[in-house]
Number of protein chains: 10
Amino acid sequence: MTTQPSKELETFPNPNPERDFLIRIDVPEFTCLCPKTGQPDFATFQIEYIPESRCVELKALKLYMWSYREEGAFHEAVTNQILSDLVAATAPRFMRVTGKFNVRGGIYTDVIAEHRAPGWISPDYITLP
Amino acid sequence: MTTQPSKELETFPNPNPERDFLIRIDVPEFTCLCPKTGQPDFATFQIEYIPESRCVELKALKLYMWSYREEGAFHEAVTNQILSDLVAATAPRFMRVTGKFNVRGGIYTDVIAEHRAPGWISPDYITLP
Amino acid sequence: MTTQPSKELETFPNPNPERDFLIRIDVPEFTCLCPKTGQPDFATFQIEYIPESRCVELKALKLYMWSYREEGAFHEAVTNQILSDLVAATAPRFMRVTGKFNVRGGIYTDVIAEHRAPGWISPDYITLP
Amino acid sequence: MTTQPSKELETFPNPNPERDFLIRIDVPEFTCLCPKTGQPDFATFQIEYIPESRCVELKALKLYMWSYREEGAFHEAVTNQILSDLVAATAPRFMRVTGKFNVRGGIYTDVIAEHRAPGWISPDYITLP
Amino acid sequence: MTTQPSKELETFPNPNPERDFLIRIDVPEFTCLCPKTGQPDFATFQIEYIPESRCVELKALKLYMWSYREEGAFHEAVTNQILSDLVAATAPRFMRVTGKFNVRGGIYTDVIAEHRAPGWISPDYITLP
Amino acid sequence: MTTQPSKELETFPNPNPERDFLIRIDVPEFTCLCPKTGQPDFATFQIEYIPESRCVELKALKLYMWSYREEGAFHEAVTNQILSDLVAATAPRFMRVTGKFNVRGGIYTDVIAEHRAPGWISPDYITLP
Amino acid sequence: MTTQPSKELETFPNPNPERDFLIRIDVPEFTCLCPKTGQPDFATFQIEYIPESRCVELKALKLYMWSYREEGAFHEAVTNQILSDLVAATAPRFMRVTGKFNVRGGIYTDVIAEHRAPGWISPDYITLP
Amino acid sequence: MTTQPSKELETFPNPNPERDFLIRIDVPEFTCLCPKTGQPDFATFQIEYIPESRCVELKALKLYMWSYREEGAFHEAVTNQILSDLVAATAPRFMRVTGKFNVRGGIYTDVIAEHRAPGWISPDYITLP
Amino acid sequence: MTTQPSKELETFPNPNPERDFLIRIDVPEFTCLCPKTGQPDFATFQIEYIPESRCVELKALKLYMWSYREEGAFHEAVTNQILSDLVAATAPRFMRVTGKFNVRGGIYTDVIAEHRAPGWISPDYITLP
Amino acid sequence: MTTQPSKELETFPNPNPERDFLIRIDVPEFTCLCPKTGQPDFATFQIEYIPESRCVELKALKLYMWSYREEGAFHEAVTNQILSDLVAATAPRFMRVTGKFNVRGGIYTDVIAEHRAPGWISPDYITLP
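Residues numbered from 1 in each chain as written. Chains lettered and ligands numbered in written order. Predicted model: local features only at pLDDT ≥ 70, side-chain atom pairs only at ≥ 80, totals over all residues. Heavy atoms only, no water.

*Asks:* Sorry if this is basic, but what is going on with the overall build of chain A here?
*Replies:* Of regular secondary structure, chain A possesses 2 helices and 6 strands. Start at the N end of chain A and walk to the C end: the helices and strands fall as β-β-β-β-α-α-β-β. Here the C-alpha radius of gyration of chain A, 15 Å, is about what a compact globule of 129 residues would show, namely 14 Å. In terms of overall dimensions, chain A has C-alpha extents of about 50 × 35 × 20 Å along its principal axes. Burial status across chain A gives 59% buried among its 129 residues. The long-range share in chain A, meaning contacts at least 24 apart out of those at least 6 apart in sequence, stands at 68%. A total of about 4900 Å² of accessible surface is found on chain A, and carbon and sulfur atoms cover 55% of it. In chain A, 13 positive and 17 negative side-chain charges are present, and the distance between their average locations comes to 2 Å. (Helix = DSSP H or I, 4+ residues; strand = E, 2+ residues; numbered from the N terminus. Rg over C-alpha atoms; globule rule 2.2 N^0.38 Å. Buried < 20%, exposed > 50% of the residue type's maximum accessible area, 1.4 Å probe, protein only. Contact = heavy atoms within 4.5 Å. Areas by Shrake-Rupley, 256 points an atom, 1.4 Å probe, with all protein chains shown as cover. Lys, Arg positive; Asp, Glu negative; His and termini not counted. Charge placed at Lys NZ, Arg CZ, Asp CG, Glu CD.)

Printed below as a string of structure tokens:
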């Protein structure tokens, strides 16, 4: 595996596909560039998902998050893009991506986007905090 | 864009209208005047919304919040006014505005108002915290 | 308006009766007397309500809370009394009063009482935290 | 009333039986003995209930909690015993007892038990936090 | 009982099987080895369950958690394994295991897995926090 | 001992006068009246002292603090008065009184006053936090 | 006394000039304008002083802080100006002014300035936290 | 070693007497009886010391603290007694005992006592927090 | 002023050189590259200084911190470099730079470096926290 | 460099030996064995030092801390041993090692040991927190 930033999201087989279980990943080190000013933006991301057959490999996820370091990215679009890329790579039963962006102009912004597999029913005992 | 206080609320197209996602904005720097005494009031505002086709532009939002600096405003009315103005500008699927006003006379007051687009059903997987 | 303690609860017209919105008021400065020993008791009160046509005036509320300073009051009874008085004055759609009483004999006590207007249905989008 | 430890749980009439309201009591000073080693155990207890016709008297509750000081008690059994005794004394609409036991062997244990009066329906507006 | 690490999970009879009650156990001292690098991993585990006829003995649980000290274990697999072993030993009505793994490569990971006895219905008054 | 408010400050003999040791007392329940408006003021007091031959009796201290409930008192004056009264009653080697007054007009005020017995030297190992 | 913003700093006689004591005042509601952009700035101020013969009147202090609302002010200059004005009004033995300015451009700034009366020696028992 | 409460304080040789180093021990589980009312009192104790030739054995310390469970003890006296007993057992270069007693009558009390070996000079690099 | 990263540190005249006062600046958004692996590192920086004749301009400081984004930098060296560059630009009476680096390999590192102008004596009333 | 546990403590040259500066390292993942029972112990270590000519390499430090995983170690002895090993490897001007050991038998223990180079004087502007 390379240690270069990369859009590749490697996965590994879900060890317990017979059971709905939640994986919650916190990535406090995210930076991209403001598309308007070119100046650095910083955010913390949280990824929560219930895997189907594939789990995301953590080192690959780190390189993926790194890949935004030199890219211009709007808050709303980048959060949705990360969700779409992770859904494409892992086809999860459920996934939620939360981006918490650092203060700009005295204003703090969070963006929260969710995906749900078609036809999949959330069991009532899955409490998503 | 001007850097004067302004009631104009510029918007930009929602980059992902195919998906319900939540935008949460914290504005800790709000001040207006007490309509009874003319003295300054201070509050923190939180705006949460699920956009339909338009998102609110953050710099314009900052100028909008600034526009109350010289206005007299009651806690209940100003919170509802901000909600109404933001709904008029963005026509969101869902919006909630929370104003947390600084202590006056030993008493703290929050005002929380919500809007929901007619006919729009909150998906059960949108957990509004 | 007098600055004497008073059981009068002045109100003003709800500026936005067309919408369900929540007002949350924190009163950290409440003191009464223990009916058994005559010694001072201290509590923090929280009042949450969805107004119908009237809102409670905050300065009058302060004088009302002050009116308990020389009265003997049991924890359970005084919390219910405050709820009943506020309901009588404002006829709200919903109201919840929480009294958090300071430790006595190594024991802390909270009392939480709610009122709901007959026939009024809580909209599912009102999240009472 | 005696100031000796006692299994007696005195009660007083509920001042507002016409209304469902919650009483929450925190007892941070509980100690008993480990039935296996005879060494002291320490816990914090929380009691939450919606009274029917009787409320528990707080000074009697303190003496009751004291009564475990010289008794051997397992975590699970003592929490259920306290719930059963309080239910027997007050016949509440709802009661929940939570015991939070201090760390032993690097492990922390909480036990949470609830009672509900037969045929009593929790109103949807009672939010038990 | 031995003080060696052990996969044996001793149990004792549930003292109150007539009632649904929750036992919550926090184990902040868990360490295993990374299967890829052989280096130590650290985690905090939380186990929550509603017992049927057997409760897990806490000292045996400590030795069981210790048994992973020299084993290679992936985050997702080991959390599911602990759930499966505890379910096999106690056959609970409900059980949830949460593993909170220390930061690796700037990324934090939690894994949350639940079990529910077939045919068992969660009473609506069991609030699992 | 009476359970009426009282300016009497009972004392008891210092059990260890051969040693400099610190007693720190927190009194979170203090209320008096504003001399200008007659409205209630609230404060938290902390008393720290190194006794000489007398220690202040805690129940008497409680009644003493209660004695301000119906009195008008300025922040600066009342803190100094409490220090003077406690010094007169106990003649300590060292005493510090801190009054933390609740917010008024958006402003918080603390007053901190100290006394030191003439000729008494603070040992360098007394770290007054 | 007027309720207009004012540069006047009224004082009252120190009730206990025979003793060194500290007054600590927190003013969380301060706003001025950025001299470069004209946009609002927000800060929290703390004032600590040991009075000589005059104490600052709190309501006048509030009006004084309000007087900066429409003025352009640099962080460093305004903190020093407030110190100079308060020293001119009260001639204290010691005074320290701390301004904590809200984040701008991802950067937080505090400014801390102190004054000491010529020839006045800080007693070693004044611990300025 | 027995598992009965005991006034014996076993010690072991200081492994590094050539160096001044600090040992800080927190004992959150202390209970005794109020000498006036016979009711239980609870406290948290902290013991800090720089050993000379002996260190206190932790299991013996636990049994020693347990020995107060059935004894009446005043706050000031018991803190000084614990210091005296630990000094007699270990003859340390420095020792400080802090007792933090639970609230009684709305009042919290801490007692802090220190011992220093005759002729021993605190090195300036020992920062006792 | 450009909005490109820059090693230039613009300054402005100290408005109050007649007085020792402290400026404390927090920069939570710092990122550079690990010189060994090329992967991103993240840190929070704090700069504290007492200016002589020049203060550092905050927007220039932001661009200066940005200039490390594409550079390899060791924790110890970069903290000292920032101190040296700021001292060269402002010639302060006192300056302290603290770098708090994010966890790597389970280990957290802070680096704290100070500068003092030759011949300048810290006044005893400057309490550097 | 190996990824096996190792007692070797690699170092690198201090990049700024002309200046006293502090390096503070937190190692929250330390585990060894209790010499009496053979059961795992857990601790958090903090290392603070002012380097002379050598700094400790962080990856080597991680392997060194790992080397205690299978060793029996008393709290007091292992903290002093780590200090002695780090001093031998780096010959610092100043070093302080703090071990914070997890609760055992209801008791928490910290051990804090310091080293100072002979003849080296702590500059008064090094504030060791």
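*Asks:* Please clarify how the interface of chain A and chain I should be interpreted in this entry.
*Replies:* Interface size is often expressed as the accessible area that is lost when the parts come together. Counting residues at the interface gives 16 residues for chain A, matched by 16 residues for chain I. Between chain A and chain I lies a buried interface of about 1500 Å² when both sides are counted; carbon and sulfur atoms form 47% of it. Of all residues in chain A, the largest losses of buried area upon contact with chain I belong to E29, Q39 and R69 of chain A, amounting jointly to 42% of the total for that side. Here chain A and chain I share 2 salt bridges between them. Note that R104 of chain I is salt-bridged to E29 of chain A, the shortest N-O span being 3.0 Å. (Buried area = accessible area lost by both parts, 1.4 Å probe. Salt bridge = Lys/Arg side-chain N within 4 Å of Asp/Glu carboxyl O.)

*Asks:* Looking at this structure, how should I read the pattern of salt bridges?
*Replies:* Once their charged atoms are close, side chains differing in charge can pair, the charge on each being opposite to the other. Here the structure, examined in full by the defined rule, presents 120 salt bridges over all chains. The partner of K36 of chain E in a salt bridge is E57 of chain A, and the shortest N-O contact between them spans 2.8 Å. One end of the pair, K36 of chain E, is in the loop between β2 (21-33) and β3 (40-50); the other, E57 of chain A, is in the loop between β4 (54-56) and α1 (58-66), on a second chain. For K36 of chain E, a relative accessible area of 60% gives the class exposed. By relative accessible area, E57 of chain A is classed as buried at 11%.

*Asks:* Is there a simple way to think about unusual backbone geometry in this case?
*Replies:* Backbone geometry follows two general trends: most residues other than glycine have a negative phi, and most peptide bonds adopt the trans configuration. In this model, A91 of chain F sits at a positive phi of 45 degrees, which is unusual for a non-glycine residue. Within the element layout of this structure, A91 of chain F appears in the loop between α2 (75-90) and β5 (94-104).

*Asks:* What am I meant to see in the relation of the copies chain A and chain I here?
*Replies:* Mapping between the two chain copies consists of a rotation about an axis together with a translation along that axis. Once chain A has been moved 0.0 Å along the axis and rotated by 180 degrees, it coincides with chain I to within an RMSD of 0.0 Å. What the superposition gives is, in effect, a two-fold axis relating one chain to the other. Considering only C-alpha atoms, the part of chain A nearest the rotation axis is T31 of chain A, at 4.3 Å. Of all interface residues in chain A, 100% are interface residues in chain I too; the two copies therefore contact each other through one and the same surface. (Least-squares fit on C-alpha atoms with pLDDT ≥ 70 in both.)

*Asks:* What is the right way to look at the packing of helix α1 (residues 58-66) of chain B against helix α2 (residues 75-90) of chain B in this model?
*Replies:* Any two packed helices are characterised by how steeply their axes cross, that is the angle between the axes, and by the distance between the axes. Residues and elements named next belong to chain B. As a packed pair, α1 and α2 sit with axes 12 Å apart at the nearest point and diverge in direction by 145 degrees. Along this stretch, α1 crosses α2, giving a crossing that reads as right-handed. Here L61, Y64 and M65 of α1 lie close against α2, whose contacting residues are Q81, I82, D85 and L86. A per-class count over the contact of α1 with α2 returns 5 nonpolar, 1 polar and 1 charged. (Axes fitted to C-alpha atoms, helices over the stretch in contact; angles between N-to-C directions. Left-handed = near helix turned anticlockwise from the far one by under 90°. Nonpolar A, V, L, I, M, F, W, Y, C, P; charged D, E, K, R; others polar.)

*Asks:* Can you help me understand the packing of aromatic side chains in this one?
*Replies:* Between two aromatic rings, the relevant description is the distance of the centres plus the angle of the planes. Counted according to the given criterion, the structure contains 45 aromatic pairs over all chains. Taking 5.9 Å as the distance between ring centres and 85 degrees as the angle between the ring planes, the aromatic pair formed by F45 of chain H and F101 of chain H counts as edge-to-face. Here F45 of chain H, found in strand β3 (residues 40-50), pairs with F101 of chain H, found in strand β5 (residues 94-104); they are 56 residues apart in sequence, far enough to count as distant. A single burial state applies to F45 of chain H and to F101 of chain H, both of which are buried. Ring centres of F30 of chain J and Y68 of chain J lie 5.6 Å apart, and the angle between their planes is 50 degrees; this geometry places the pair in the tilted category. Residue F30 of chain J is located in strand β2 (residues 21-33), and its partner Y68 of chain J is located in the loop between α1 (58-66) and α2 (75-90); the two are separated by 38 residues in the primary sequence. Summarising the burial analysis for this pair, F30 of chain J and Y68 of chain J share the class buried. (Phe/Tyr/Trp six-rings, centres within 6.5 Å; stacked < 30°, edge-to-face > 60°.)

*Asks:* Quick question: what am I supposed to make of the relation of the copies chain A and chain B here?
*Replies:* Mapping chain A onto chain B calls for a rotation angle of 72 degrees and an axial translation of 0.0 Å; the resulting RMSD is 0.0 Å. On the angle and the small slide along the axis, the relation comes out as a five-fold axis.

*Asks:* What am I meant to see in the pairing of strand β6 (residues 107-116) of chain I here?
*Replies:* In the case of a regular strand, side chains alternate between the two sheet surfaces. Residues and elements named next belong to chain I. Within β6, 9 of the 10 residues are buried, which leaves it mostly tucked inside the rest of the structure. Pairing between strand β5 (residues 94-104) and β6: 9 bridges, direction antiparallel. Across the sheet, R104 pairs through a bridge with I107, a residue of β6. Counting the residues that bridge the hairpin from β5 to β6 gives 2 residues, and of these G105 lies at a positive phi of roughly 60 degrees. (Pairing = 2+ DSSP bridges.)

*Asks:* Explain the interface of chain A and chain B to me, please; I cannot follow it from the model alone.
*Replies:* Opposite the 20 residues of chain A that make contact, chain B presents 23 residues. Carbon and sulfur atoms make up 53% of the area that chain A and chain B hide from each other, which totals about 1800 Å². At the surface where chain A touches chain B, the tally comes to 2 salt bridges. The interface formed by chain A and chain B holds 8 residue pairs in polar contact (both at pLDDT 80 or more) in total. Counting only elements with at least two residues in the side of chain A that touches chain B, the list comes to α2 (75-90), β5 (94-104) and β6 (107-116) of chain A. Looking at the side of chain A that touches chain B element by element, the count peaks at 9 residues for β6 of chain A. Taken together, the residues that form the side of chain A that touches chain B break down as 7 nonpolar, 6 polar and 7 charged. Two elements, β6 of chain A and strand β2 (residues 21-33) of chain B, share 6 bridges in a ladder whose sense is antiparallel. Within β2 of chain B, the residue paired with Y108 of chain A across the bridge is D26 of chain B. (Polar contact = N/O pair within 3.5 Å; in protein donor to acceptor, adjacent residues only side chain to side chain.)

*Asks:* Can you help me understand the confidence of the model for chain A in this one?
*Replies:* Detail in the predicted coordinates should be disregarded across regions flagged by low pLDDT. This prediction gives chain A a mean pLDDT of 92; 92% of its residues lie at or above 70. Listed scores for the predicted complex are pTM 0.94 and ipTM 0.91. (pLDDT = per-residue confidence, 0-100.)

*Asks:* Is there a simple way to explain the state of the cysteines in this structure?
*Replies:* Here, the word disulfide means a covalent bond between the sulfur atoms of two cysteines. All names here are of chain A. Under the definition given, this model contains 0 disulfides over all chains. Free cysteine C32: the closest other cysteine sulfur is in C34, separated by 8.3 Å. Classification of C32 as buried rests on a relative accessible area of 1%. (Disulfide = S-S within 2.5 Å.)

*Asks:* I'm lost on the side chain of R69 of chain F in this one. Help?
*Replies:* Structurally, the position occupied by R69 of chain F is in the loop between α1 (58-66) and α2. A relative accessible area of 3% places R69 of chain F in the buried class. There is a polar contact of 2.8 Å between the side chain of R69 of chain F and the backbone oxygen of R69 of chain C. The residues contacting R69 of chain F, other than those within four sequence positions of it, are T31, C32, L33, P40, F42 and R69 of chain C together with T31, C32 and L33 of chain F.

*Asks:* Help me understand the pairing of strand β2 (residues 21-33) of chain G in this model?
*Replies:* All names here are of chain G. Counting buried positions along β2 gives 11 out of 13 residues, so the element sits mostly inside the fold. Pairing of β2 with strand β3 (residues 40-50) involves 9 bridges; the strand directions are antiparallel. Paired with L33 across the two strands is P40, which belongs to β3. Between β2 and β3, which pair antiparallel and follow one another directly, the connecting turn spans 6 residues, one of which, G38, has a positive phi of 75 degrees.

*Asks:* Please clarify how the environment of R93 of chain I should be interpreted in this entry.
*Replies:* Residues and elements named next belong to chain I. Mapped onto the secondary structure, R93 falls in the loop between α2 (75-90) and β5. Sequence separation between R93 and H115 is 22 residues; the distance between their C-alpha atoms is 8.2 Å. In contact with R93, not counting residues within four places along its chain, are P17, R19, D20, I50, P51, E52, H115, R116, A117 and W120. For R93, the side chain forms a polar contact with the side chain of D20, separated by 2.6 Å.

*Asks:* What should I look at first to understand helix α1 (residues 58-66) of chain D in this one?
*Replies:* Within an α-helix, residues lying three or four positions from one another point in the same direction, as the helix has 3.6 residues per turn. Within α1 of chain D the residues assigned to the buried category are A60, L61, L63, Y64, M65 and W66 of chain D. Where the residues of α1 of chain D are buried, they touch β6 (107-116) of chain C, β2 (21-33), β3 (40-50), β4 (54-56) and α2 (75-90) of chain D together with β3 of chain H. The N-capping residue of α1 of chain D, defined by a side-chain oxygen 3.0 Å from the backbone nitrogen of K59 of chain D, is E57 of chain D.

*Asks:* Help me understand the environment of G38 of chain J, please; the structure alone is not making it clear to me.
*Replies:* By the secondary structure assignment, G38 of chain J is in the loop between β2 and β3 (40-50). In this structure G38 of chain J comes out as partly exposed when scored by relative accessible area, which is 29%. The spatial distance from the C-alpha of G38 of chain J to the C-alpha of E70 of chain J is 9.5 Å, given a sequence separation of 32 residues. In this structure, G38 of chain J is in contact with W66 of chain E together with L33 of chain J, ignoring residues within four places of it in sequence.

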